[in-house]
Amino acid sequence: MEDIYAKFVSQKISKTRWRPVPPGSLQTADTFAAGSWDNEENYVSLWSIGDFGNLDSDGGFEGDHQLLCDIRHHGDVMDLQFFDQERIVAASSTGCVTVFLHHPNNQTLSVSQQWTSAHYHTGPGSPSCGSAPCTGVVCSNPEIVTVGEDGRINLFRADHKEAVRTIDNADSSTLHAVTFLRTPEILTVNSIGQLKIWDFRKQGNEPSQILSLTGDRVPLHCVDRHPNQQHVVATGGQDGMLSIWDVRQGTMPVSLLKAHEAERGRNSTFLSHSISNQANVHQSLISSWLSTDPAKDRIEITSLLPSRTLSVNSLDVLGPCLVCGTDSEAIYVTRQLFS
C-alpha cells in the first residue's frame, strides 16, 4: 500500500470514524472524527483531508490531515460514532455518553446533550454510584444504544433526557461492543466470548439468541455486520481471531480467520478453517464469507501499516477510504484502499 498518509497528533488515538456522506451523494469521504485515550487531557477532534499529493498555495501537501476543531473530553474516549452529519456521540471511561455538535460556520464543537451516569456499578463493594466505563455505542437516528463494563444496555433517543429503555442486568460480564442487526434488534459481544441478540420489541431482560464458540471464553472486543447481508456478522477476539457468524442458524461461528497471534501481534500468518456445516442452507443464499472453505474464495490479507507501529486501536472504512488510529500517536489515512 503506497498512498497511505500518517499524521502525528501528540495524542494516543483510541477511535477514528469517517463522517458519513449524504445519501445519494457521489462525493468521497473527506472528514473524520478522532478520540484520544491515556493522555493527561483527552479530546474529541474533527479532521479534514484534501486531495492527496497535490501541492497547496503554501507548498505543502493538501492531503495532510488538517485539524478543524476539537473539544476536551472527560475520561478516555472508549467509542465514537457519527449520529448524523453534524453530531458525534462519544462514550467515556467515566460512564458518561456525550453528543457533540459541530458548528461549521466557526469550526467549533459544543456539547449538545449528555447522559452523565449512563453506566455505573452497583452492589456489594461498589459505591452508591460508582462509574463504569461505557465501552460501546451504536447509532440509528433517532436512537442511540450504549453498552458498558457494568453489563448494562441503554436505549437513548436524541430528543430525550432520560433513557427510553434500560436492561440493567443484560450481562454478568463486560459488554465490549454493540451493533444493529436491524432497527429493533442489536447484537452485543462480551468478555467471555459470547454474542447475544436483543430485540427491543420484546419485554424482559433476556436475549433472544446466544452464540459462542464451544469451550472457548476468549473475550470478543469488536463486532460488525455485513452491509448488505444482515445475517452475516464478524467479530474480533483477544486472541487475534476474526470469526464469521451466520446468526440465522446454529450457535457457533461458520469460519475462523487468523491474521496475527494476539491483540498486539504483528506477524502475517494466515490460517482459516470452517467449523460449521452449511449443507442445509441454499447455495444462492450463502455469502462468500460463509463458504465452508474461505481459502477457495481467495480471501486476501494485505498488510497496510509499517510493522513497527504500536497498537492499532481503531479503524473505519467508507468506500475506498480508510482511517485508523494508533498508540504511536499517529492517524493513518488512505483514499485508495482497493487500488
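Residues numbered from 1 in each chain as written. Predicted model: local features only at pLDDT ≥ 70, side-chain atom pairs only at ≥ 80, totals over all residues. Heavy atoms only, no water.

How we decide: UniProt positions are given in the numbering used here, feature names are shortened, and annotations may be inferred rather than shown by experiment.
In the nomenclature of an unreviewed UniProt entry, the chain corresponds to Nucleoporin Nup43 isoform X2 from the organism Ursus maritimus. What UniProt states about the chain under its Subcellular location (unreviewed entry) heading is, verbatim, "Nucleus".

Quick notes on the pairing of strand 27 (residues 330-334)
Using the following cut-off: Only protein chains enter the accessibility calculation, which uses a 1.4 Å probe. A residue is then buried if its area is under 20% of the maximum for its type, exposed if over 50%, and partly exposed in between. Labels follow the DSSP assignment, with helices taken as runs of H or I lasting at least four residues and strands as runs of E lasting at least two, numbered in each case from the N terminus. Pairs of strands are assigned from DSSP output, requiring at least two bridges between the strands.
Counting buried positions over the five residues of strand 27 gives five, a clear majority of the element. Of the two faces of strand 27, the one carrying A330, Y332 and T334 and the one carrying I331 and V333 are both buried. In this structure, strand 1 (residues 5-8) lies alongside strand 27, joined through four bridges in antiparallel fashion. Counted as the bridge partner of K7 is I331 from strand 27. Relative to strand 27, strand 26 (residues 321-326) runs antiparallel, the two being bridged by four bridges. Looking across to strand 27, one finds that L322 is bridged to T334. Here strand 26 folds back onto strand 27 in antiparallel fashion, the turn holding three residues, of which E329 has a positive phi close to 60 degrees.

Observations regarding the pattern of salt bridges
Where we set the bar: Whenever Lys or Arg places a side-chain nitrogen within 4 Å of a carboxyl oxygen from Asp or Glu, that contact is recorded as a salt bridge.
Tallied over the full model, the rule gives 12 salt bridges. K12 is the salt-bridge partner of D38, the closest N and O atoms lying 2.7 Å from each other. Here K12 lies in the loop between strand 1 and strand 2 (13-18) and D38 lies in the loop between strand 3 (31-36) and strand 4 (42-48), a separation of 26 residues in the sequence. What makes D38 partly exposed here is its relative accessible area of 43%.

Focus: the confidence of the model for the chain
Operational definition: Predictor confidence is given residue by residue as pLDDT, running from a minimum of 0 to a maximum of 100. Whether two residues touch is decided by their heavy atoms; if any such pair falls within 4.5 Å, the residues are in contact.
On average, residues of the chain score 85 in pLDDT, and 83% of them reach the 70 mark or higher. Note on residues 265-271: pLDDT under 50 across the span, and 20 contacts to partners over four residues away in sequence or across chains. Taken as a whole, residues 275-285 scores under 50 in pLDDT and shows 21 contacts with residues more than four places along the chain or in a different chain.

Some points on unusual backbone geometry
Of note, the bond from N141 into P142 is cis; its omega dihedral lies within 30 degrees of zero at 10 degrees. Relative to the elements of secondary structure, P142 occurs in the loop between strand 12 (134-140) and strand 13 (143-148). At D38, a residue that is not glycine, the phi angle is positive and equals roughly 60 degrees. Even without being a glycine, Q107 presents a positive backbone phi close to 50 degrees. Position of Q107 relative to the elements: it lies in the loop between strand 8 (97-103) and strand 9 (108-115).

Points about the sheet that holds strand 12
Here is the rule: Axes here refer to lines fitted to C-alpha atoms; in helices the fit is confined to the stretch in contact. Angles between the N-to-C directions go from 0 to 180 degrees.
Here we have four strands laid out as an open sheet, ordered 12-13-14-15, and antiparallel in their pairing. Of all strands in the sheet, those bounded by a partner on one side alone are strand 12 and strand 15 (165-167). Neighbour-to-neighbour, the strand axes of the sheet open up by a mean angle of 15 degrees, direction not taken into account.

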